[in-house]
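Letter by letter, the chains look like this.
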Amino acid sequence: MPSLRILGAAALAATLASALAQGQSPPVAPIPAPAPAAPAASGPAPALSPEARAEVDARITKLQAELGITQAQLPLWSAFAQAMRDNAASTDALFTRRAGAVAKMSAVENMHSYAEIARAYADNTERLATAFDSLYASLSPTQKAAADTLFRQQAVAAAKPQSHR
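Before going into details, it helps to say that this report is about the structure given with it.

Parameters and conventions
- Residues numbered from 1 in each chain as written.
- Predicted model: local features only at pLDDT ≥ 70, side-chain atom pairs only at ≥ 80, totals over all residues.
- Heavy atoms only, no water.
- Helix = DSSP H or I, 4+ residues; strand = E, 2+ residues; numbered from the N terminus.
- Buried < 20%, exposed > 50% of the residue type's maximum accessible area, 1.4 Å probe, protein only.
- Contact = heavy atoms within 4.5 Å.
- Areas by Shrake-Rupley, 256 points an atom, 1.4 Å probe, with all protein chains shown as cover.
- Phe/Tyr/Trp six-rings, centres within 6.5 Å; stacked < 30°, edge-to-face > 60°.
- Expected span 1.5 Å × (residues − 1).
- Core = buried A, V, L, I, M, F, W, Y, C linked by side-chain atoms within 4.5 Å.
- Salt bridge = Lys/Arg side-chain N within 4 Å of Asp/Glu carboxyl O.
- Axes fitted to C-alpha atoms, helices over the stretch in contact; angles between N-to-C directions.
- Parallel < 35°, antiparallel > 145°, perpendicular 65-115°, else oblique.
- Left-handed = near helix turned anticlockwise from the far one by under 90°.

Digging into the overall build of the protein
- Counting its regular elements, the protein contains 5 helices and 0 strands.
- When the helices and strands of the protein are listed from N to C terminus, the series reads α-α-α-α-α.
- Taken over 165 residues, the protein has a buried fraction of 34%.
- At a minimum sequence separation of 6, the contacts of the protein that also span at least 24 residues come to 81%.
- When the accessible surface of the protein is totalled, it reaches about 9,800 Å², and 62% of it is carbon and sulfur.

See the structure below:
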């Protein structure tokens, strides 16, 4: 399911969605998604499925509009959006590969496959955070205060115990 595959890549960005548009210059038009790349044998990020790509692009477009990204912030936003796309592509590829092999994996292979996904998630989150650092630095004081509040709210919500099956 594409939405589960891109959640990790978009989680950080989603926390900014509702309050950052306050105090900004007029927003610019949404950035069109880059044309799909041909699958490369050993490229940095594999191509997303059309469904997952549409979902990521919709999230990016929505966030751009909700954040009211200004013309001056556009280059930093573009880098952040590309990090989201790259993360979604790499996560999607790992989940697809795992789904195709999990039925025949030994317990050891299963653990190593899971560890590979966890490492990729951590690496992807670090890349996204680095891109966000630059974007955050470009935000107005009002935007930064809103982002700080949103991140605190997300951290508090994530820290609450959840019931398990």
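Examining the packing of aromatic side chains
- Enumeration according to the criterion identifies 3 aromatic pairs in this entry.
- A centroid spacing of 5.7 Å and a plane angle of 50° characterise the contact between Trp77 and Phe80, whose relative ring orientation is tilted. With Trp77 and Phe80 both in helix H3 (residues 74-101), this residue pair falls 3 residues apart, about one helical turn. Residues Trp77 and Phe80 agree in their burial class; the two are buried.
- One aromatic cluster in this structure is built from Trp77, Phe80, Phe132 and Tyr136.

Focus: helix H4 (residues 107-138)
- Look at H4: 47 Å from first C-alpha to last across 32 residues, which is about the 46 Å you get at 1.5 Å a residue.
- Here H4 has its buried residues at Ser113, Ile117, Ala120, Asn124, Leu128, Ala131, Phe132 and Leu135.

Concerning the side chain of Asn124
- Inspection of the secondary structure assignment puts Asn124 in helix H4.
- Setting aside anything within four residues of it in sequence, one finds Asn124 in contact with Asn87, Ser90 and Thr91.

A look at the nonpolar core
- Formed by 19 residues in total, the largest nonpolar core has its most connected members in Leu48, Ile60, Ile69, Trp77, Phe80, Met84 and Leu135.
- Among the elements of the structure, helix H2 (50-67), H3 and H4 are those that each provide at least two residues to this core.
- Residue contacts for Leu48: discarding those within four places in its chain leaves Arg53, Val56, Arg85, Ala88, Ala89 and Asp92.

Brief notes about the pattern of salt bridges
- Summed over all chains, the structure comprises 3 salt bridges.
- Across the salt bridge formed by Glu116 and Arg97, the nearest N and O atoms sit 2.5 Å from each other. One end of the pair, Glu116, is in helix H4; the other, Arg97, is in helix H3, with 19 residues separating them in the sequence.
- For Glu116, a relative accessible area of 31% gives the class partly exposed.
- Residue Arg97 is classed as partly exposed on the basis of its relative accessible area, which comes to 49%.
- Three or more residues are tied together by salt bridges with common partners; here these are Arg53, Asp57 and Arg85.

Focus on the packing of H2 against H3
- Contact geometry for H2 and H3: axes closest at 10 Å, N-to-C directions at 155°. Comparing their axes, H3 and H2 come out roughly antiparallel. Where H2 crosses over H3, the two elements pack in a sense that is right-handed. Facing Ala52, Val56, Asp57, Arg59, Ile60, Leu63, Gln64 and Leu67 of H2, the residues of H3 in contact are Leu74, Trp77, Ala81, Met84, Arg85, Ala88 and Asp92.

Considerations on the environment of Asp92
- Along the chain, Asp92 turns up in helix H3.
- Distance in space between the C-alpha atoms of Asp92 and Ser49 is 8.1 Å, their sequence separation being 43 residues.

Description of the environment of Leu128
- Looking at where Leu128 falls in the secondary structure, it is placed in helix H4.
- Expressed as a C-alpha distance, the spacing of Leu128 and Ala83, which sit 45 residues apart in the sequence, is 5.6 Å.

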